[in-house]
Amino acid sequence: MRQKSHPTPVFPSRLPDVGTTVFTVMSALASKHQAINLGQGFPDFPCDRELISQVNAAMLADHNQYPPMAGITELRQGIAQKISALYGHDYDPDTEITITAGGTQGIMTAILSCVSPGDEVVIIEPAYDSYRPSIDLAGGKTVAVSLIAKRDDQGDVHSYGLPWDDLAKAINPKTRLIIINTPHNPTGMIWEKTDLDRLANLVRGSDTLILSDEVYEHMVFDGQHHASIASHPELAARSFLISSFGKTYHVTGWKIGFVAAPARMMQEFRKVHQFNVFTVNTPMQYGLAQYLQNPDHYLGLAAFYQAKRDYFRDGLKQTGLKLLPAPASYFQCVNYTKLDRPQAKMNEADFCTWLTTEIGVAAIPVSAFYAKPVESGVIRFCFAKQEQTLLAALQRLQTL
Ligand code: PMP
């Protein structure tokens, strides 16, 4: 017998402006058209078998029940040692580090723990897409400032700079939190120590907190160094540091990361965390705790990705696309507006759709990282791919 249908009650959306993300849309389009997917940011190569064995061994050793709410001690200790060795800040693993279900949960939880209705949160666009909805759910108000798009003689965007004047204007007594992201998705831009000093000047004496999204911390190229918020004692005292094992160990699907913050901030963070996910899967934590003991596993990442970046950039030079700098992360942005074909006049989203369906390579429009799309003729490729994938994509792009 068929069930009588009952109407769904009125259900106003808590996130009326949120639709399906451009990453999902582009990945679906790529698979429909058998395009090479350089859109969404994930590796197409396997993670280290040693890491899998270590997780496997943890499962077989019956580490399969709830771990402590903040994460297993061994992993938190390993993270504290790594941060101390690399950035010189000593977080207390008991009170200042929590294992999260990826960077995204860390970001959402940090925001929910400190932003109250009416508080303002400053973000810098183009920005990772989870910031704004997390702020909305907390009842906060997003105040977006834009990176300065620097243009060459022909009017094409060639690089980006931090918008110091706009940041100074955006910060006021209602500013609860400022979100920064270094290395930056999508542009690959990195903050330098002097930038952190300038940020410290802007917030000194206020109660404004910082959330520093550093999920690409180990992918900084050409001998440059990652300026972690943890390397700046004054800012570390008011900051949530976010990182993700998914990016560092080629396991984006495991959804595991961590947050570090001063004890008083972490205390509030954990209040939200324990009723959100409570804790994060146990065997992965044991496996990662062991894997983390060998620094080569993260210190070798910069050279590994730099080789991919160089290979991809060399190939892109044979196309009509103009390369933007790619100093860090696994993203390469290009400008397409000087291609000798009518599509050069398209907006970024239409160009990416055309590139996917007609040329067979998926990319992400940088305009999608703004709430109100800003058109600069720049799109983002992800080069976290095997050489053969990059080669196949380059062969198609060289027909442009
Ligand atoms: N921040 C940025 C800037 C990212 O690019 C990503 C992943 N795309 C995340 C956070 C989230 O990381 P995770 O997959 O660990 O949730």
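If you're wondering where the values come from, they're calculated on a predicted model, not measured in any experiment. (Residues numbered from 1 in each chain as written. Predicted model: local features only at pLDDT ≥ 70, side-chain atom pairs only at ≥ 80, totals over all residues. Heavy atoms only, no water.)

Draft legend 1. View of the domain arrangement of the protein chain. For the protein chain, the assigned domains are domain 1 (22-47 + 302-397) and domain 2 (65-298). Relative to domain 2, the C-alpha centre of domain 1 lies at a distance of 25 Å. Counting residues at the interface gives 33 residues for domain 1 and 35 residues for domain 2. Where domain 1 abuts domain 2, roughly 2,800 Å² becomes buried across the two surfaces, and 58% of that area is made up of carbon and sulfur atoms. Area buried by domain 1 at its contact with domain 2 is led by P327, F369 and Y370, which between them contribute 20% of it. D156 is the salt-bridge partner of K322, the closest N and O atoms lying 2.7 Å from each other. In this assembly, domain 1 and domain 2 are joined by 17 residue pairs in polar contact (both at pLDDT 80 or more). Those elements that place two or more of their residues in the side of domain 1 that touches domain 2 are α13 (301-316), β12 (331-335) and β15 (378-382). For the side of domain 1 that touches domain 2, the element with the highest residue contribution is α13, accounting for 5 residues. Across the side of domain 1 that touches domain 2, the residue classes tally to 22 nonpolar, 6 polar and 5 charged. (Domains from an automatic or database assignment. Contact = heavy atoms within 4.5 Å. Buried area = accessible area lost by both parts, 1.4 Å probe. Salt bridge = Lys/Arg side-chain N within 4 Å of Asp/Glu carboxyl O. Polar contact = N/O pair within 3.5 Å; in protein donor to acceptor, adjacent residues only side chain to side chain. Helix = DSSP H or I, 4+ residues; strand = E, 2+ residues; numbered from the N terminus. Nonpolar A, V, L, I, M, F, W, Y, C, P; charged D, E, K, R; others polar.)

Draft legend 2. Spotlight on the sheet that holds β15. One open sheet holds the 4 strands; their spatial order is β11-β12-β15-β14, and the pairing between them is antiparallel. The sheet is open, and its two edges are formed by β11 (322-323) and β14 (364-365), each paired on a single side. As defined by bridge partners, β14 adjoins β15 across 2 bridges and the pair is classed as antiparallel. From the neighbouring strand, I364 faces β15, where its bridge partner is R380. (Pairing = 2+ DSSP bridges.)

Draft legend 3. The site of the ligand, seen in detail. Close to the ligand lie 13 residues; T104, D213, Y216, K247 and K255 are nearest. At a separation of 2.6 Å, an oxygen atom of the ligand approaches a polar side-chain atom of Y216. In this structure, an oxygen atom belonging to the ligand sits 2.6 Å away from a side-chain N or O atom of K255. For the ligand, the accessible surface in isolation is 400 Å², of which the surrounding protein chains cover 91%. Per element, the largest residue contribution to the shell around the ligand is 4 residues, and it comes from helix α4 (residues 102-114). Its residues assigned to classes, the shell around the ligand comprises 4 nonpolar, 6 polar and 3 charged. (Near = heavy atom within 4 Å. Areas by Shrake-Rupley, 256 points an atom, 1.4 Å probe, with all protein chains shown as cover.)

Draft legend 4. Representation of the environment of K372 within the structure. Mapped onto the secondary structure, K372 falls in the loop between β14 and β15. Separated by 247 residues in sequence, K372 and E125 have C-alpha atoms that sit 10.0 Å apart.

Draft legend 5. Structural view of the pairing of strand β8 (residues 209-213). The element β8 is largely enclosed, with a buried count of 5 among its 5 residues. Side chains L209, L211 and D213 project from β8 onto one buried face, and the interleaved I210 and S212 project onto a second face that is buried too. Of the strand pairs in this sheet, strand β7 (residues 175-181) and β8 are connected by 5 bridges, and their pairing is parallel. Note that in β8 the partner of I178 across the bridge is I210. (Buried < 20%, exposed > 50% of the residue type's maximum accessible area, 1.4 Å probe, protein only.)

Draft legend 6. Local environment of the sheet that holds strand β3 (residues 120-125). Reading across the sheet, the 7 strands line up as β2-β10-β9-β8-β7-β3-β4 and stay open at both edges, with mixed pairing between neighbours. Among the strands making up the open sheet, the edge pair consists of β2 (97-100) and β4 (141-146). Geometrically, the sheet is characterised by an average inter-axis angle of 20° between neighbouring strands, direction not taken into account. Bridging between β2 and strand β10 (residues 257-260) involves 4 bridges; their strand directions are antiparallel. Bridging from a neighbouring strand, T98 pairs with V259 of β10. Seen against the sheet, helix α10 (residues 263-276) touches β2, β8, β9 (239-244) and β10 and runs at an angle of roughly 25° to β2. (Axes fitted to C-alpha atoms, helices over the stretch in contact; angles between N-to-C directions.)

Draft legend 7. Representation of the packing of helix α2 (residues 49-60) against helix α11 (residues 282-291). With their axes 8 Å apart at the nearest point, α2 and α11 run at an angle of 130° to one another. Of the possible angle classes, the one that applies to α2 and α11 is oblique. At the point where α2 passes α11, the crossing takes the right-handed sense. Contact with α2, carried on its side by E50, L51, Q54, V55, A58 and M59, involves P283, M284, Y286, G287, L288, Q290 and Y291 of α11 and no other residues of that element. A class-by-class count of the residues in the contact of α2 with α11 yields 9 nonpolar, 3 polar and 1 charged. (Parallel < 35°, antiparallel > 145°, perpendicular 65-115°, else oblique. Left-handed = near helix turned anticlockwise from the far one by under 90°.)

Draft legend 8. A look at the pattern of salt bridges. Scanning the entire structure with this criterion turns up 14 salt bridges. Here E125 and R132 are joined by a salt bridge, their closest N and O atoms 3.2 Å apart. Across the salt bridge formed by R264 and E268, the nearest N and O atoms sit 2.9 Å from each other. Within this pair, R264 and its partner E268 are both found in helix α10, separated by 4 residues, close to a single helical turn. Taking relative accessible area as the criterion, R264 reaches 52% and is therefore assigned exposed. Residues joined in a network through salt bridges with shared partners are D152, D156, K322 and K338.

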